[in-house]
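Understanding the architecture of this molecule
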Amino acid sequence: MQRNASASPLAPDWLAVPEDLNALHAPMWAAGVERNDAGMLAIDGIPVSELKEQFGTPLFVMSESDFRARARSFKDAFDHAFADICAGVDVYYAGKSFLCTAVASWVAEEGLRLDTCSGGELAVAARAGIAGANLSLHGNNKSDAEIRRALDMKLGRIVVDSLDELDRVAKIAEGRGEAAKVMLRLTPGVHAHTHEFIATAHEDQKFGLSMAGDTTDEEGLSAAEEAVAAATTYHSIELLGLHCHIGSQIFEPDGFALAAEKLLTFLDSMQRKYSIVLPELDLGGGYGIAYTPVDTPRPPAEIAHAMAAVVRSTCASLEITPPRISIEPGRAIVGSSTFTLYEVGTLKTVRVDAPAATAAKGAEGANGNVTFPRRYVSVDGGMSDNARPVLYDADYSAVLASRATESAPQLSRVVGKHCESGDIVVRDVYLPEDVAAGDLLAVPGTGAYCWALSSNYNYLARPGVVAVRDGSARLIVRGETEEDLLNRDMGVANV
Ligand SMILES: *Cc1c(COP(=O)(O)O)cnc(C)c1O
């Protein structure tokens with residue numbers, strides 16, 4: 001992107017100065033979010049001032065219609081692309097990205113299934129009335145209690161992560177006189193992030209069964225093959241198929257395609273060698289969304305088409321019947337459905353030494369260095385409601401939500417109110433110069449892994465989540481109160 005004349009030398013290269021600070025870059029926002037005639041941000045016609053008045057800030061504002069539309073678009077696009085391959089695709093919404101009973105019920109109503117990875121997530125699914133057959137359970141360290149719960153709920157599948165776990169699932173199911181429906185999570189050595197993927201032979205991570213041959217084993221079997229072989233010997237294991245998940249926030253389909261090819265080739269060789277049929281293959285989630293204007297997510301139809309092409313051609317050249325395909329998108333369904341509404345508090349501008357290469361224009365500081373201003377805009381939340389910038393250096397964007405303005409762009413850093421200098425919400429964004437205390441800011445793309453990762457650091461109450469549909473707003477998770485914060489505190493000992 002072109003940097004225009006008023007770009008700050010402190011801004012990263014990718015960040016362009018917006019031509020219009022009041023404009024909303026559509027890919028980052030839920031459908032139904034726009035500025036009203038008064039210039040205020042509104043969702044489905046409800047102005048953010050009203051949401052603030054009714055529910056307070058910080059607040060997660062989710063568009064139910066947008067969530068449902070994205071869920072449907074994945075289901076429809078993959079069903080369509082895979083219609084002639086395996087008569088459609090099972091789409092499991094990755095509940096870890098954001099889960100509450102309302103969202104679980106929307107998922108079910110839109111014809112998706114639900115992927116969980118703990119007893120707690122199973123409890124939410126159960127409370128929402130989701131049938132066990134439409135649930136899967138992930139996790140690299142499932143407890144016996146979680147495995148038993150999955151069997152109690154008659155889960156559609158347990159995704160087994162290790163040889164050790166396969167053994168435990170088999171024993172627990174055997175003790176109950178049942179057969180557990182199991183997928184094996186494999187690590188195909190494909191790691192993808194955003195625009196690139198890397199392929200490695202050996203895996204050095206906690207998830208999954210490696211497909212690389214183990215040279216310490218006499219027979220040289222990979223952990224993945226050992227698991228398939230073991231699974232065929234247990235009467236209490238019904239081996240449904242194979243699973244992989246290669247990463248997150250991925251834009252290009254090449255990594256998914258390579259992983260699909262590797263898994264299908266492996267599936268074929270296992271079917272031959274062990275005279276078994278593996279009817280299912282799950283290709284995981286990880287589809288990217290737009291957090292900033294330079295992110296370029298692909299429409300579900302494009303991803304589905306690319307993946308279907310590879311599955312079709314690989315199965316044809318292996319001469320196998322294609323397995324039933326499933327996927328597990330989380331972020332790409334819920335991420336852009338939501339923005340976080342904050343109130344602006346303290347403003348502060350610091351002067352920062354210019355990056356060496358650009359020490360051209362700017363003011364001279366006390367030590368003779370050339371300096372440029374960076375404005376810190378503090379909001380009433382922070383790393384407790386969005387840990388992703390701290391955890392992953394994630395970039396976000398923000399707009400002034402309470403009004404439109406003609407004021408000039410100023411490079412800003414949106415920060416929280418926590419006692420950490422790393423407590424950054426938006427590292428670099430151009431906001432209007434006239435942003436003032438009491439203004440409302442909106443940060444888009446906060447539906448996934450924000451509320452889900454929220455904490456009570458500094459005894460801040462976790463924000464509520466409001467869902468907007470057809471012009472009305474309702475809390476789907478209420479915000480915490482001071483009472484909630486003190487609820488589990490057992491008090492001072494009575495001596
Ligand atoms: C996290 C995760 C997902 C979802 O990833 P997104 O990037 O949110 O789509 C799917 N499957 C597995 C196994 C995961 O761990």
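Remember, predicted model here, so these are calculated numbers, not experimental data.

**Let's talk about the packing of helix 9 (residues 254–274) against helix 10 (residues 300–318)**
- Put simply, helix 9 and helix 10 touch, their axes get as near as 9 Å, and they point 30° apart. In terms of orientation, helix 9 and helix 10 fall into the roughly parallel class. Crossing handedness for the pair helix 9 and helix 10: right-handed. On helix 10, the residues touching Phe256, Ala257, Ala260, Glu261, Leu264, Thr265, Asp268 and Arg272 of helix 9 are Met307, Val310, Val311, Thr314, Cys315 and Leu318.

**Side note on the site of the ligand**
- The full set close to the ligand counts 14 residues, and Lys96, Ser248, Glu328, Arg331 and Tyr449 are the nearest of them.
- Within the side chain of Lys96, an N or O atom sits 2.5 Å from an oxygen atom of the ligand.
- At 3.5 Å from a nitrogen atom of the ligand is found a side-chain nitrogen or oxygen belonging to His245.
- When isolated, the ligand has an accessible area of 390 Å², and the protein chains bury 93% of it.

**Remarks on the sheet that holds strand 3 (residues 46–47)**
- The sheet built from 3 strands is open, its strands ordered 1-2-3 with antiparallel pairing. Strands at the two margins of the open sheet, each flanked by one partner only, are strand 1 (33–35) and strand 3.
- Where strand 2 (residues 41–43) meets strand 3, 2 bridges bridge the pair, whose relative direction is antiparallel. Following the sheet pairing, Ala42 is matched in strand 3 by Pro47.

**Let's talk about helix 9**
- Spanning 21 residues, helix 9 covers 30 Å between terminal C-alpha atoms, matching the ideal 30 Å at 1.5 Å per step.
- Those residues of helix 9 that fall on the buried side of the exposure criterion are Gly255, Phe256, Ala257, Ala259, Ala260, Leu263, Leu264, Phe266, Leu267, Asp268, Met270 and Gln271.
- Downstream of helix 9 by a residue or two, Ser275 has a phi angle that is positive, lying close to 50°.

**What about the pairing of strand 5 (residues 89–94)?**
- The element strand 5 is largely enclosed, with a buried count of 6 among its 6 residues.
- As defined by bridge partners, strand 5 adjoins strand 16 (residues 324–327) across 3 bridges and the pair is classed as parallel. Counted as the bridge partner of Val89 is Ile325 from strand 16.
- Running through helix 4 (residues 101–109), the crossover from strand 5 to the neighbouring parallel element strand 6 (residues 113–116) is right-handed.

**Some remarks on the pattern of salt bridges**
- Going through the model one piece at a time under the given rule, you end up with 32 salt bridges.
- Between Lys171 and Asp167 there is a salt bridge, with its nearest N and O atoms 3.0 Å apart. Here Lys171 pairs with Asp167, and both are found in helix 7 (residues 163–175), just 4 residues apart, close to one helical turn.
- For Lys171, a relative accessible area of 53% gives the class exposed.

**Observations concerning the environment of Gln249**
- Looking at the secondary structure, you find Gln249 in strand 14 (residues 247–250).
- Sequence separation of Gln249 and Ile289 is 40 residues, and the distance between their C-alpha atoms is 6.6 Å.

**With respect to the sheet that holds strand 10 (residues 190–194)**
- The 3 strands lie next to each other as 11-10-14, forming an open sheet whose pairing is mixed. Each edge of the sheet is formed by a strand with only one pairing partner; in this case those strands are strand 11 (196–199) and strand 14. Averaged over all pairs of adjacent strands, the angle between their axes in this sheet comes to 25°, without regard to strand direction.
- Summarising the sheet, strand 10 and strand 14 pair through 3 bridges and their orientation is parallel. The residue of strand 14 that forms the bridge with Thr194 is Ile250.

**A look at the side chain of Glu252**
- Within the secondary structure, Glu252 is located in the loop between strand 14 and helix 9.
- One polar contact links Glu252 to His195, side chain to side chain, over a distance of 3.0 Å.

**So, the nonpolar core**
- Core analysis: the largest hydrophobic core is formed by 111 residues, its most contacted members being Phe78, Phe82, Tyr93, Phe98, Val103, Leu184 and Ile476.
- Looking at this core element by element, the count peaks at 9 residues for helix 9.
- When residues of this core are assigned to domains, at least three fall in each of domain 1 (26–63 + 336–487) and domain 2 (82–329).
- One finds Met28, Met40, Leu41 and Val61 within the second-largest nonpolar core, a separate group that totals 21 residues.

**Focus on the packing of aromatic side chains**
- On inspection of all chains with the given rule, the structure shows 10 aromatic pairs.
- Relative to Tyr396, the ring of Tyr291 has its centre 5.0 Å away and its plane inclined at 70°; by these criteria the two rings are edge-to-face. Of the two residues, Tyr291 is situated in the loop between strand 15 (280–282) and helix 10 and Tyr396 in the loop between helix 12 (388–392) and strand 20 (399–400); the sequence distance between them amounts to 105 residues. Taken as a pair, Tyr291 and Tyr396 share a single burial class, namely buried.
- Ring-pair connections join several aromatic residues into one group, and the members of that group are Phe74, Phe78, Phe82, Phe256 and Tyr287.

**Side note on the domain arrangement of the protein**
- Looking at the assigned domains, one finds that the protein contains domain 1 (26–63 + 336–487) and domain 2 (82–329).
- One C-alpha centre belongs to domain 1, the other to domain 2, and the line joining them spans 35 Å.
- The interface is formed by 19 residues belonging to domain 1 together with 13 residues belonging to domain 2.
- Where domain 1 meets domain 2, there are 0 salt bridges.
- Joining domain 1 to domain 2, the criterion identifies 2 residue pairs in polar contact (both at pLDDT 80 or more).
- Those elements that provide at least two residues to the side of domain 1 that touches domain 2 are strand 24 (465–469) and strand 25 (472–477).
- Of the residues forming the side of domain 1 that touches domain 2, the biggest block, 3 residues, is contributed by strand 25.
- Looking at the side of domain 1 that touches domain 2 residue by residue, the classes come out as 12 nonpolar, 4 polar and 3 charged.

Rules used in this analysis
For every chain, the first residue of the written sequence is number 1, and numbering continues from 1 along that sequence. With pLDDT at 70 or above as the cut-off, local features in this predicted model cover only qualifying residues; side-chain atom pairs require 80 or more to be listed or tallied, and sums for whole chains, interfaces and linings still use all residues. Excluded from the side-chain calculation are hydrogens and water; included are all heavy atoms of the structure. To obtain each axis, a line is fitted to C-alpha atoms, and for helices this fit is confined to the stretch in contact; angles are then taken between N-to-C directions over 0 to 180 degrees. Numbering of helices and strands runs from the N terminus, with a helix taken as a DSSP run of H or I at least four residues long and a strand as a DSSP run of E at least two residues long. The scheme is simple: roughly parallel for angles under 35 degrees, roughly antiparallel for over 145, roughly perpendicular for 65 to 115, oblique for anything else. Handedness of a crossing is defined here by the sense of rotation of the near helix relative to the far one, left-handed for an anticlockwise turn of less than a right angle and right-handed for a clockwise turn. Any two residues whose heavy atoms approach within 4.5 Å are treated as being in contact. We call a residue near a molecule or strand whenever a single non-hydrogen atom of that residue lies within 4 Å of it. Whenever a nitrogen or oxygen atom comes within 3.5 Å of another N or O atom, the pair is scored as a polar contact, on the condition that within protein one atom can donate a hydrogen and the other can accept it, and that pairs from neighbouring residues in sequence are kept only if both atoms are in side chains. Where accessible areas are quoted, they stem from the Shrake-Rupley method and a 1.4 Å probe; at the residue level, only the protein chains shown are allowed to cover. Between any two strands, pairing holds if DSSP finds at least two bridges. To estimate the expected span of a helix, subtract one from its residue number and multiply by 1.5 Å. When a residue's accessible area, from a 1.4 Å probe over protein chains only, is under 20% of the maximum for its type it is buried; when over 50% it is exposed; and in between it is partly exposed. Handedness of a crossover: with both strands directed away from the viewer, a clockwise path from the first strand across the helix to the second marks it as right-handed. We define a salt bridge as a contact between a side-chain nitrogen of Lys or Arg and a carboxyl oxygen of Asp or Glu at a distance within 4 Å. Buried Ala, Val, Leu, Ile, Met, Phe, Trp, Tyr and Cys residues form a nonpolar core when they are joined through side-chain atoms within 4.5 Å. What marks off one domain from the next here is an automatic or database domain assignment. When the centres of two rings from Phe, Tyr and Trp lie within 6.5 Å, Trp using its six-membered ring, the rings pair. Their planes under 30 degrees apart give stacked, over 60 give edge-to-face, and anything left gives tilted. Side-chain classes are defined by residue name, with Ala, Val, Leu, Ile, Met, Phe, Trp, Tyr, Cys and Pro counting as nonpolar, Asp, Glu, Lys and Arg as charged, and the others, Gly among them, as polar.

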